Amino acid sequence: MLFQPFPIRSMLLPNRLVLPAMVTRLSGEDGVVNADIKTRYARFAKGEVGLIVVEAMAVHTAKSGPLLRIGSDEFVPGLTELARLCHDAGPSKVVPQIIHFLKISRSGWRQTVDMLSHQEIDDIVEAYGTAAVRARRCGFDGVELHMAHAYTLSSFLSRVNPRKDEYGGTLENRLRLPVRVLERVRSLVGNDFPVGVRFLGEECIRNGYTVLDAGPIAVRLAGAGADYLSLSAGGKFEDARPIPGEPLYPYTGYSGDRCMPGNQYPDGANLYIAEAVRAAVHAAGLTTPVVAVGKIPTRELAERVVAHEKGDLVGMARALLADPDLPRKWREGREETVVRCVYGNVCKALDENFRKVTCTLWPKALGRAPESHDVIAPVWPQTGPELRAECKDGRVLLRWKSASDNEAIYGYQVMRAEGDGLLLHHASVRGSSTRYEDARVLGGQVYRYAIRPYDLAGNHGPMSPTVRATLS
Ligand SMILES: Cc1cc2nc3c(=O)[nH]c(=O)nc-3n(C[C@H](O)[C@H](O)[C@H](O)COP(=O)(O)O)c2cc1C
Ligand code: SF4
């Protein structure tokens, strides 16, 4: 089912896999598309993901560090080239995510929605409208309106929106600006241009809204003409950790953890949100597709999302950053060669520090995901991997010998089983390391471990013999 084409208004996705927007910090302060941006996105297209949502780009003129922009015609040539390169590189459809955000300063001050005049609100509506028309002119296949996280439209939707007029208070009032924006965009881009919306299924802050509000929000946005609903969670200023002299970054608190769930969260951590919203949309007699997102690392889970109606489309941000070729490898039945994201959130930390977003698994000198057509798998030394397990300070410490490869060792997969159970992927370790500490262990429980090396093409070498460990 994942690889059946999926229609969204005039756009036919080649499959149900979506790259949700992910800021790369590759552009300069000028917000113009550059060579690094083109390489990054063309690579995703080459990997055959169904829909590429290009990172958030500003519809207005405010500067905000290295972030793409679409707020005036000067950005059209670069964006046009970006859309064309992606279309040339692979079958993916491509839409930009367009965003408006409020002012923020290093002093800790930030503009909030109650400070906006009616004229400024009208200007936001127009800025979205003209940016969406620009997206169409640039040759994108549609446009996605950013109504999630800490940004303007999400702050209007928020349950803690402090406005006292017709834009705050009741759900109907909080929806007023997002719906105005959507209707204005639709009126300007026409009926044949797909317009998606990304919004929060749960704010994950104190007094914030939950799926109880997200259902009606989804129904209203779908009724107002949204062609797909991409669900996110958290990412708010309200619980962000202030750092003196630095602008507040909305992903440093609990809501930030919920937005990009790290390895302390279970796989599919936010799927209940998409499932509840999808159910609300269907209960209202609508069929607007829902994009489920949040730590979906495996094909098995992605298939389950669709089969069990938790979402119509499967969003995978970090998993695709770690391995942009994942969709093609899945389609070819080569799941084994996928380089799996370890959800340690190094990419998130780079974004937070306005540094170029890369994946910690990529070879450092390369600065991008490696491309290799090599078919020769790594091998262990003649003496074998000599995998050893030692129990120490409530952890299991694994050490092994380096494998070798005709190109390069990219990493090692750590496999773990409880007792005599099935060995499952537990973690991945960079190729430069030959040790791993497992701190998620219970005393008295028998664990079995094995290691598999993989190379730049994702070819896996033989599994090491298993070792057993039990903490006393
Ligand atoms: C480095 C980074 C940048 C992100 N930038 C955006 C963004 O521009 N717009 C957005 O809606 N979400 C953004 N996100 C959130 C992702 O789209 C996605 O919702 C989140 O990472 C959870 O999905 P995943 O578990 O598949 O990574 C970003 C995430 C990361 C890690
Ligand atoms: S840096 Fe870590 S969390 Fe981010 S994509 Fe790479 S492995 Fe995944």
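Residues numbered from 1 in each chain as written. Chains lettered and ligands numbered in written order. Predicted model: local features only at pLDDT ≥ 70, side-chain atom pairs only at ≥ 80, totals over all residues. Heavy atoms only, no water.

> Is there a simple way to think about the overall build of the chain in this case?
Secondary structure summary: the chain contains 12 helices and 17 strands in total. Against the compact-globule benchmark of 23 Å for 472 residues, the chain has a radius of gyration of 23 Å, which places it among compact chains. Reported as C-alpha extents along the three principal axes, the dimensions of the chain are approximately 75 × 50 × 45 Å. When each of the 472 residues of the chain is scored for burial, the buried share is 57%. Restricting the contact set of the chain to residue pairs at least 6 apart, pairs at least 24 apart contribute 69%. Roughly 19100 Å² of accessible area belongs to the chain as shown, and the carbon and sulfur atoms make up 51% of that amount. In the chain, 59 positive and 54 negative side-chain charges are present, and the distance between their average locations comes to 2 Å. (Helix = DSSP H or I, 4+ residues; strand = E, 2+ residues; numbered from the N terminus. Rg over C-alpha atoms; globule rule 2.2 N^0.38 Å. Buried < 20%, exposed > 50% of the residue type's maximum accessible area, 1.4 Å probe, protein only. Contact = heavy atoms within 4.5 Å. Areas by Shrake-Rupley, 256 points an atom, 1.4 Å probe, with all protein chains shown as cover. Lys, Arg positive; Asp, Glu negative; His and termini not counted. Charge placed at Lys NZ, Arg CZ, Asp CG, Glu CD.)

> Got a minute to help me understand the pattern of salt bridges in this structure?
Between side chains of opposite charge, pairing is possible as soon as their charged atoms come close. The tally for this structure, following the rule as stated, stands at 38 salt bridges. As a salt-bridge pair, Glu48 and Arg331 come within 2.7 Å of each other at their nearest N and O atoms. Highlighted residues: Glu48 in the loop between α1 (35-46) and β4 (51-58) and Arg331 in helix α11 (residues 326-331), separated in sequence by 283 residues. Here Glu48 falls in the buried class, since its relative accessible area comes to 15%. Judged by relative accessible area, which is 45%, Arg331 ranks as partly exposed. Here Glu203 and Lys236 are joined by a salt bridge, their closest N and O atoms 3.4 Å apart. Placement of Glu203 in the loop between β7 (195-202) and α6 (211-223) and of Lys236 in the loop between β8 (228-233) and α7 (254-259) is noted, with a sequence separation of 33 residues between them. (Salt bridge = Lys/Arg side-chain N within 4 Å of Asp/Glu carboxyl O.)

> Teacher, can you tell me more about the packing of aromatic side chains here?
Summed over all chains, the structure comprises seven aromatic pairs. On the numbers, 6.0 Å between centres and 55° between planes, the contact of Tyr41 with Phe44 is tilted. With Tyr41 and Phe44 both in helix α1, this residue pair falls three residues apart, about one helical turn. One exposure class covers both Tyr41 and Phe44, and it is buried. Geometrically, the ring pair formed by Tyr410 and Tyr454 is edge-to-face, given 5.7 Å between the ring centres and 70° between the ring planes. (Phe/Tyr/Trp six-rings, centres within 6.5 Å; stacked < 30°, edge-to-face > 60°.)

> For this particular structure, what's the right way to read the packing of α1 against helix α2 (residues 76-89)?
Describing two packed helices takes the angle between their axes plus the distance from one axis to the other. For the pair α1 and α2, interaxial distance at closest approach is 8 Å and the crossing angle is 30°. Comparing the axis directions of α1 and α2 gives the class roughly parallel. Here α1 and α2 pass one another in a crossing that is right-handed. Contacts between α1 and α2 pair Ile37, Lys38, Tyr41, Ala42, Ala45 and Lys46 from the former with Glu81, Leu82, Leu85, Cys86 and Ala89 from the latter. In terms of residue class, the contact of α1 with α2 is built from eight nonpolar, no polar and three charged. (Axes fitted to C-alpha atoms, helices over the stretch in contact; angles between N-to-C directions. Parallel < 35°, antiparallel > 145°, perpendicular 65-115°, else oblique. Left-handed = near helix turned anticlockwise from the far one by under 90°. Nonpolar A, V, L, I, M, F, W, Y, C, P; charged D, E, K, R; others polar.)

> Would you take a moment to explain the packing of helix α3 (residues 118-137) against helix α5 (residues 171-189) for this structure?
Here α3 crosses α5 at 35°, and the two axes come no closer than 8 Å. Helix-helix and strand crossings are classified by hand; for α3 and α5 the assignment is right-handed. Contacts from Ile121, Asp122, Val125, Glu126, Tyr128, Gly129, Thr130, Ala132, Val133 and Arg136 in α3 reach Leu177, Arg180, Val181, Arg184, Val185, Leu188 and Val189 in α5. Classifying every residue of the contact of α3 with α5 by side-chain character gives 10 nonpolar, two polar and five charged.

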